[in-house]
Amino acid sequence: MTQRLTLSRPDDWHLHLRDGAMLQGIAPESARHFARAIIMPNLLPPVVTGAEAAAYRDRILAVTGTGFTPLMTLYLTEATDPADVVAAHRDGIITAVKLYPAGATTNSASGVRDFDRVRGVLEAMAEAGIPLLCHGEVTDPEIDIFDREAVFIDRVLDPIRRATPGLRVVMEHITTTDAVNYVTAEPEGLGATITTHHLVINRNHILVGGIKPHYYCLPVAKREIHREALVKAATSGDARFFLGTDSAPHADDAKESACGCAGCFTATNTLSILAHVFEAAGALERLEGFTSRHGPAFYGLPVNAGTITLERREAPVPYPAKIETGAGPVTVFDPGFPLHWQVMPA
Ligand code: NCD
Ligand code: ZN
């Protein structure tokens, strides 16, 4: 008998759709399976005002059509105007605000250096119930890249949360036991997204047997014990953890380079990979919570009305190795094992 899994239509709570020819080429990969996604604002230049977010939303909708809902975010800078943030949220233009420590990742140069300078915005957000989404890595060159998430929790995140009671926070793309433990210690107001690729790879996958640029992303994958903690958190049924793929396309020439860009492109095969990971953990019945229920609960949004069905195939399910875009080919994340769960056409 064919094994079949029907889920409420999933959402992606952390997604990079880019702009222009790249947007055109890769947005359909997300819109095919996901009903909504939190759209990252790290364009060049970044999306910093409500008006820019509204214009970007319209460019996305022009590609995807209205069957997909982009939930927009603003890129927090030291010059962000609290009144603009609150108005954009009140008018339904934005869902959240994104904090990039300056220099932490792709297009983060306009991010925050001095956290005291965004105090007023954070207080206005707490008051208006606007979530803060954190790229949780310090940028201090003294701190080892594998320790940057853990240090961010102690030096930045915890002090911000203590100083701003009521501020709802999502720790984005968590990669460590430290982050899992920090989130599970908090009864409310704190959630975390987990990516598809961090459930699959550890740092050996990037570095052993030759460098694998398509496994390089930020935060960088850590030791196996951390990956295991992420799988445990994602498959636990704990509603504080939900899917944010962080699918982050870069054209192959920008990845396969002497100074390669960070980002894994997982939009195309994420659901097949997640079904594999949850099945291996004996937790298939908890996949829907992770992909479709915990995120809306955190954001106070309804669960999607539609459904999506996956079927388990004996033979490996094919997927394209690359997506051709007007900005060049983009390599689809290779989990390193055959996929057997196929998303059925709607
Ligand atoms: C993201 C990108 O390419 O925009 N890259 C990544 O490695 N995840 C930025 C980010 O989310 O850090
Ligand atoms: Zn990201």
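Report follows, based on the coordinates. (Residues numbered from 1 in each chain as written. Chains lettered and ligands numbered in written order. Predicted model: local features only at pLDDT ≥ 70, side-chain atom pairs only at ≥ 80, totals over all residues. Heavy atoms only, no water.)

## Concerning the overall build of the chain
Using the following cut-off: Counting from the N terminus, the helices are DSSP H or I runs at least four residues long and the strands are E runs at least two residues long. Partly exposed describes any residue whose relative accessible area lies between the buried limit of under 20% and the exposed limit of over 50%, with all areas from a 1.4 Å probe on protein chains only and scaled to the type maximum. Whether two residues touch is decided by their heavy atoms; if any such pair falls within 4.5 Å, the residues are in contact. Methods summary: accessible areas were calculated by the Shrake-Rupley approach with a probe of 1.4 Å, and residue burial reflects only the protein chains presented. The charge count treats Lys and Arg as positive and Asp and Glu as negative. His and the chain ends do not count. Positions of charges follow a simple convention, taking NZ of Lys, CZ of Arg, CG of Asp or CD of Glu.
In terms of regular secondary structure, the chain is built from eleven helices and 13 strands. Buried residues in the chain amount to 57% of all 346 residues. Intrachain contacts of the chain at a sequence separation of at least 6 include 74% that bridge at least 24 residues. Of the roughly 13,700 Å² that the chain leaves accessible, carbon and sulfur atoms contribute 53%. Averaging the locations of the 30 positively and 40 negatively charged side chains of the chain gives two centres separated by 3 Å.

## Side note on the coordination of the zinc ion (ligand 2)
Applied cut-off: Because no water is among the atoms considered, metal sites can look incomplete, with donors defined as N, O and S atoms within 2.8 Å of the metal, or 3.2 Å for Na, K and Ca. The rule is simple: four donors are tetrahedral if all their angles sit between 85 and 135 degrees, four are square planar and six octahedral if opposite donors span more than 155 degrees and the others lie between 65 and 115, and anything that fits none of that is irregular.
Of the protein atoms, only H14 (NE2), H16 (NE2) and D246 (OD) coordinate the zinc ion (ligand 2), at distances of 2.0 Å. For the zinc ion (ligand 2), the four donor atoms are set out with angles of 93 to 137° between them, so the coordination reads as irregular. Along the chain, the residues that donate to the zinc ion (ligand 2) are spaced as H-x1-H-x229-D. Here H16, found in the loop between β2 (11-15) and α1 (20-31), pairs with D246, found in the loop between β9 (241-243) and α9 (252-255); they are 230 residues apart in sequence, far enough to count as distant.

## Considering the sheet that holds strand β4 (residues 69-75)
For clarity, the cut-off: We call two strands paired when DSSP finds no fewer than two bridges between them. In this description, a line fitted to the C-alpha atoms serves as the axis of each element, helices being fitted only across the stretch in contact, and the angle between N-to-C directions of two axes falls anywhere from 0 to 180 degrees.
Taken in spatial order, the eight strands line up as β2-β3-β4-β5-β6-β7-β8-β9 in an open sheet, and their pairing is parallel. Pairing within the sheet leaves two strands with one partner each, and these edge strands are β2 and β9. Taken pair by pair, the neighbouring strands of this sheet meet at an average axis angle of 30°, ignoring direction. Sheet topology note: the β2/strand β3 (residues 36-39) ladder contains three bridges and is parallel. In the strand pairing of β3, D11 is matched with R36. Sitting on the sheet, helix α5 (residues 148-163) touches β5 (94-99), β6 (132-134), β7 (169-171) and β8 (190-194), and the angle it makes with β7 is about 180°.

## Observations regarding the site of ligand 1
Spelled out, the test is: If even one non-hydrogen atom of a residue comes within 4 Å of a molecule or strand, that residue is called near it. Polar contact criterion, stated in full: a pair of N or O atoms within 3.5 Å, where within protein one must be able to donate a hydrogen and the other to accept it, and residues adjacent in sequence count only if both atoms are side-chain atoms. Of the two site types, the cavity is a set of points on a 1 Å grid over the protein atoms alone where a 1.4 Å probe fits but cannot get out, and the pocket is an open set with protein on both sides within 12 Å along at least five of seven lines, each lined by residues with an atom within 4 Å of a point. Pocket or cavity membership: a molecule qualifies when more than half of its atoms sit within 2 Å of the grid points of that site.
In the vicinity of ligand 1 lie 15 residues, with R18, N42, T105, L218 and D246 positioned nearest. Here an oxygen atom of ligand 1 sits 2.8 Å away from a polar atom, N or O, in the side chain of N42. Taking a 2 Å distance to the grid points as the criterion, the majority of the atoms of ligand 1 fall inside the largest cavity.

## Examining the sheet that holds strand β13 (residues 341-343)
Sheets are built from strands paired through backbone hydrogen bonds, the pairs being either parallel or antiparallel. Ordered in space as β1-β10-β13, the three strands form an open sheet in which the pairing is antiparallel. The sheet is open, and its two edges are formed by β1 (4-8) and β13, each paired on a single side. The mean inter-strand angle of the sheet, taken between neighbouring strand axes irrespective of direction, is 25°. Bridge count between β1 and strand β10 (residues 307-312): five bridges; the pairing is antiparallel. Note that in β10 the partner of S8 across the bridge is T307. Its contacts with the sheet place helix α10 (residues 270-280) against β10 and β13, and it is angled at close to 145° to β13.

Everything listed here is a matter of coordinates, which is why it stays silent on function.
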